[in-house]
Amino acid sequence: MSTPLVLTYVGFLIMAAVAICGGLIAVSARNLIRAALGLILSFVGVAGLYFVLEAEFIAVVQILVYVGAISILVLFAVMLTRGLMRRDLSAQNSQWIAALVVALVLFSALLLVATGTNWKVAETKIAGDLIPKLGEQLMTTYLLPFEAVSLLLLAALVGAIVIARE
Amino acid sequence: MIPLPFYLVIAAALFCVGLYGALARRNAIAILIGIELMLNAVNLNLVAFWRYIKPASPTMDLAGQVFALFVVTLAAAEAAIGLALVIAIYRSRDTVNVEDVDLMKW
Amino acid sequence: MDILNNLFVSLYVWVADLLHGLLGGLGLAKDAEAALVSAIMVLLVITVILLWMVLMVLILIWLERKNAARLQDRVGPNRVGPWGLLQPVADTIKMFIKEDIVPANADKFVHTLAPMVAMMPAVLAFAVIPWGKGMQPVDINIGVLWIVAVASIGTIGVFIGGYGSNNKYSLLGGMRAVAQMVSYEIPQVLTMVPIVLMVGSMSLVKINEAQSGWFGLQWFIFAVPVGPIAFVVYYLSALAEVGRTPFDLPEGESEIVAGYMTEYSGMKWGLFYLAEYFNFFIVCTIAATLFLGGWNGPILPPYVWFILKVYGLILLGMWIRMTWPRFRVDQLMNLAWKVLVPIALVNIVLAGLGLPIFKTIGF
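The structure presented is a predicted model; accordingly, all values stated were derived computationally and were not measured.

Visitor: Describe in detail the overall build of chain C, supporting the description with residues and values.
Guide: Within chain C one finds 14 helices and zero strands. Out of the 363 residues in chain C, the part that is buried amounts to 52%. Carbon and sulfur atoms make up 72% of the accessible area of chain C, which totals about 16,300 Å². Distance between charge centres in chain C, computed from 21 positive and 21 negative side chains, equals 7 Å.

So, in structure tokens, the structure goes:
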């Protein structure tokens, strides 16, 4: 049973709104814990968008890694440095207006490209379970990047421990 | 199906929000949060392009998903190292304000 | 027999047909009608599942108290209703009418948000649990991973609950809980890998179907030696993940008052409490699905088998809770990183090596 198109649109709009609102909270909240919570909201919204795109595996990985691990890391870091939050400092630095202009200009440029380009879109139905194929391709076509990423993770693990150790 | 540009616009908005966060915030952790948002937007684009542009065939190429996975891994590594650095700086200099950590700047 | 086996599936189809009949009178377009019917059916299923969850938890709370009493040679609740059966209902009413206190210097928004976030994984995980043949709300091809992923959301709820209360005991409890949950997630996930290897799929329905041979007794716990090892490691780390005694350090009453729940009262505390029971129920359903054959079993209808297995595991958990003292923090971490993770890793290697043998036996 395929989901009716209307429901797909509803799901898309809700998840897109969640992602964008979460992002806005994350960059504007003065309290860093709230910024981190906004970040989590944004992660969840993007995971929902992956579900709408029928990339379930990526969606679940997104929840597992971003929501379950990275956001916990961020929360811990905020907690360990929280003596600073008491000080009354503006959350933005002096160049925030310039940053806003840059972001807006970039957004309008991207908007023009996204809507103006004639994308060669193929309407495809996803048939069957893609996850075995994903595993197979990770072990064959993309073996070298896969190994490189594993090595990177190991290096990051060791590096993080060395840097953060007292 | 939902038209592809919808996703692209959402991803662009998310990227620009993240960019603003990374450029305009004082706190190093907040800058990392902005960078994570940007990485997320990139991932959304990768998956959307995989879903719409790649033609379906028995040997469907999952490049978009595979690289989205790699980006997730990279983001995890980046967050771990970045936050470890922030904590190390906080320990030695008692600040996480990036404007105070400019010894190496001209 | 067939009617009994498919009772709930037929009920679903009947209701959907009824809706089609009712909406047919409105003269909607075919697409719109289909969309409306599927939307209403989704809402209906969600409502039924939520009510079912609440019922299960009420029974669970009663069972826990009664069981604890019996194991300690007491009678337990016996005043409200026959055998004290209405005791959980009375408790719930009490919780609702209690005063809701927020500490003066707490981060009020985060303080209120935490119990809701803590409830989320339970509600989300119930979406994929296969209660019987054809009785899973959604069958996604990554069911196992989904359960693990949403369980990790609960960590955030506990953490911000500890932070938002602005209390040293809450903060300590929250930190402990996060450390514990993050550590025990790893052996929990690693023990699922052998099962996924043997089935070749992460769908909980496929895992159930793979265990349907031998008159319904082809359960993965019988796949010696991989199955039993995985089951024991899974069950221990699941108990630790949901923070039940002997792993209840996050809320160790004798050390840090009540951990992250110290400053909570009324229904907010009730939500944390409910979430704990939901999580316990869910890990038991997952253990039953992965290792004890899920809905498979001879003679009885599938959903009866499933509930029987789940309650068997729950009673086991209660027995452990009543008979074991609490671990120390260092013992807890040692158990996770030096015992359970290595065992789980070796178990994956064993499963990989023994895969051809298991395949020939029929697993």
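Visitor: Give me the lowdown on the interface of chain C and chain A, citing residues and values where you can.
Guide: Between chain C and chain A, the residue contacts involve 25 residues of the former and 24 residues of the latter. Taking both sides of the interface into account, the surface hidden between chain C and chain A amounts to around 2,400 Å²; carbon and sulfur atoms contribute 81%. Of all residues in chain C, Ile156, Phe159 and Tyr163 of chain C bury the most surface against chain A, accounting for 22% of the area lost on that side. Our count for the chain C to chain A interface comes out at zero residue pairs in polar contact (both at pLDDT 80 or more). Element by element, the count of residues in the side of chain C that touches chain A is highest for helix α6 (residues 143-164) of chain C, at eleven residues.

Visitor: Mind laying out the domain arrangement of chain C, listing which residues take part and the relevant values?
Guide: All names here are of chain C. Taken domain by domain, chain C comprises domain 1 (1-97) and domain 2 (105-360). For domain 1 versus domain 2, the separation of C-alpha centres amounts to 22 Å. Across the boundary between the two partners, domain 1 contributes 25 residues, which contact 31 residues of domain 2. Interface of domain 1 and domain 2: buried area, both sides summed, is about 2,500 Å²; carbon and sulfur atoms make up 79% of it. Counting every contact that joins domain 1 to domain 2 gives one salt bridge. Salt-bridge contacts for Glu64 lead to Arg321; the nearest nitrogen and oxygen are separated by 3.3 Å. Remark: the boundary between domain 1 and domain 2 carries two residue pairs in polar contact (both at pLDDT 80 or more).

Visitor: Kindly report on the pattern of salt bridges, identifying the contributing residues and their values.
Guide: Residue and element names in this part refer to chain C. As enumerated under the stated definition, the model contains four salt bridges over all chains in all. The closest approach of N and O atoms between Arg65 and Asp91, which form a salt bridge, is 3.0 Å. With Arg65 in helix α3 (residues 30-71) and Asp91 in helix α4 (residues 87-97), the pair connects residues that are 26 residues apart, well separated along the chain. Since its relative accessible area comes to 35%, Arg65 is described here as partly exposed. Between Asp330 and Arg328 there is a salt bridge whose closest N-O contact spans 2.9 Å. Relative accessible area serves as the criterion here: at 39%, Asp330 is assigned to the partly exposed category.

Visitor: Run through the interface of chain A and chain B, naming residues and quoting values.
Guide: Between chain A and chain B, the residue contacts involve 85 residues of the former and 76 residues of the latter. Where chain A touches chain B, the interface holds one salt bridge. Across the pair Glu54 of chain A and Arg51 of chain B runs a salt bridge, and its minimum N-O distance is 2.8 Å. For the pair chain A and chain B, the interface holds eight residue pairs in polar contact (both at pLDDT 80 or more). Elements with a contribution of two residues or more to the side of chain A that touches chain B: α1 (5-28), α2 (32-52), α3 (56-80), α4 (96-116), α5 (131-139) and α6 (143-164) of chain A. Per-class residue counts for the side of chain A that touches chain B are 62 nonpolar, 16 polar and seven charged.

Visitor: Can you explain a nonpolar patch on the surface? Please cite residues and give values.
Guide: Residue and element names in this part refer to chain C. A surface patch of nonpolar side chains, amounting to about 720 Å² of accessible area, comprises Leu4, Leu7, Phe8, Leu11, Trp14, Leu18 and Leu22. For the nonpolar patch, the element with the highest residue contribution is helix α2 (residues 7-24), accounting for six residues. Within the secondary structure, Leu22 sits in helix α2.

Visitor: Before we move on, can you summarise the packing of α3 of chain C against helix α12 (residues 266-291) of chain C with the specific residues and values?
Guide: Residue and element names in this part refer to chain C. It is the contact of α3 with α12, at a shortest axis distance of 10 Å, that shows an interaxial angle of 95°. By the criterion of interaxial angle, the relationship of α3 to α12 is roughly perpendicular. Residues Met53, Val54, Met56, Val57, Leu60, Ile61 and Glu64 of α3 form the contact with α12, whose participating residues are Tyr273, Leu274, Tyr277, Phe278, Phe280 and Phe281.

Visitor: An account of the nonpolar core is needed here, citing residue identities and associated values.
Guide: The biggest cluster of nonpolar side chains holds 184 residues, and the ones touching the most others in it are Phe57 and Val74 of chain A together with Ile156, Ile160, Phe280, Phe281 and Ile314 of chain C. Not counting the four nearest positions on each side in its chain, Phe281 of chain C is found in contact with Met56, Leu60, Phe126, Trp131, Val310, Tyr311 and Ile314 of chain C.

Visitor: A description of α1 of chain A should follow, citing residues and the corresponding values.
Guide: For an α-helix, 3.6 residues make a turn, and residues three or four places apart therefore share a direction. Under the 1.5 Å per step criterion, the end-to-end length of α1 of chain A is 34 Å for 24 residues, consistent within 8% with the ideal 34 Å. Residues Phe12, Ala16, Ala19, Ile20, Gly22, Gly23, Ala26 and Val27 of chain A constitute the buried set of α1 of chain A. Tucked inside the fold, the buried residues of α1 of chain A contact α2 of chain A together with α1 (4-24) and α2 (28-52) of chain B.

Visitor: Quick rundown of unusual backbone geometry? Include the residues and the values.
Guide: Of all residues except glycine, most have a negative phi; of all peptide bonds, most are trans. We note that Glu54 of chain A has phi near 60°; this positive angle belongs to a residue other than glycine. Along the chain, the position of Glu54 of chain A falls in the loop between α2 and α3. Glu54 of chain A sits in the partly exposed class, given a relative accessible area of 33%. Even without a glycine there, the phi angle at Asp73 of chain C is positive, about 65°. Mapped onto the elements, Asp73 of chain C comes out in the loop between α3 and α4.

Visitor: An account of the arrangement of the chains is requested, with residue identities and associated values reported.
Guide: No other pair of the two pairs of chains in contact has as many contacts as chains A and B. A gap remains between chain B and chain C, with no contact made and the closest C-alpha atoms lying 15 Å from each other.

Visitor: I'd like to hear about the environment of Val123 of chain C, residue by residue, with values.
Guide: All names here are of chain C. Locating Val123 in the fold gives a position in helix α5 (residues 108-125). A residue is classified by how much of its surface remains accessible, and Val123, at 36% relative accessible area, is partly exposed. In sequence terms Val123 and Thr47 are 76 residues apart; their C-alpha atoms lie 11 Å from each other. Discounting residues that sit within four places of it in the chain, Val123 has contacts with Leu50 and Met53.

Visitor: Account for the confidence of the model for chain C, naming residues and giving values.
Guide: With 97% of its residues at a pLDDT of at least 70, chain C reaches an overall mean of 82. The ipTM assigned to the predicted complex is 0.86, against a pTM of 0.86.

Conventions we followed
- Residues numbered from 1 in each chain as written.
- Chains lettered and ligands numbered in written order.
- Predicted model: local features only at pLDDT ≥ 70, side-chain atom pairs only at ≥ 80, totals over all residues.
- Heavy atoms only, no water.
- Helix = DSSP H or I, 4+ residues; strand = E, 2+ residues; numbered from the N terminus.
- Buried < 20%, exposed > 50% of the residue type's maximum accessible area, 1.4 Å probe, protein only.
- Areas by Shrake-Rupley, 256 points an atom, 1.4 Å probe, with all protein chains shown as cover.
- Lys, Arg positive; Asp, Glu negative; His and termini not counted.
- Charge placed at Lys NZ, Arg CZ, Asp CG, Glu CD.
- Contact = heavy atoms within 4.5 Å.
- Buried area = accessible area lost by both parts, 1.4 Å probe.
- Polar contact = N/O pair within 3.5 Å; in protein donor to acceptor, adjacent residues only side chain to side chain.
- Domains from an automatic or database assignment.
- Salt bridge = Lys/Arg side-chain N within 4 Å of Asp/Glu carboxyl O.
- Nonpolar A, V, L, I, M, F, W, Y, C, P; charged D, E, K, R; others polar.
- Patch = residues over 30% accessible without salt bridge, like charges linked within 9 Å, V, L, I, M, F, W, Y side chains within 5 Å.
- Axes fitted to C-alpha atoms, helices over the stretch in contact; angles between N-to-C directions.
- Parallel < 35°, antiparallel > 145°, perpendicular 65-115°, else oblique.
- Core = buried A, V, L, I, M, F, W, Y, C linked by side-chain atoms within 4.5 Å.
- Expected span 1.5 Å × (residues − 1).
- pLDDT = per-residue confidence, 0-100.

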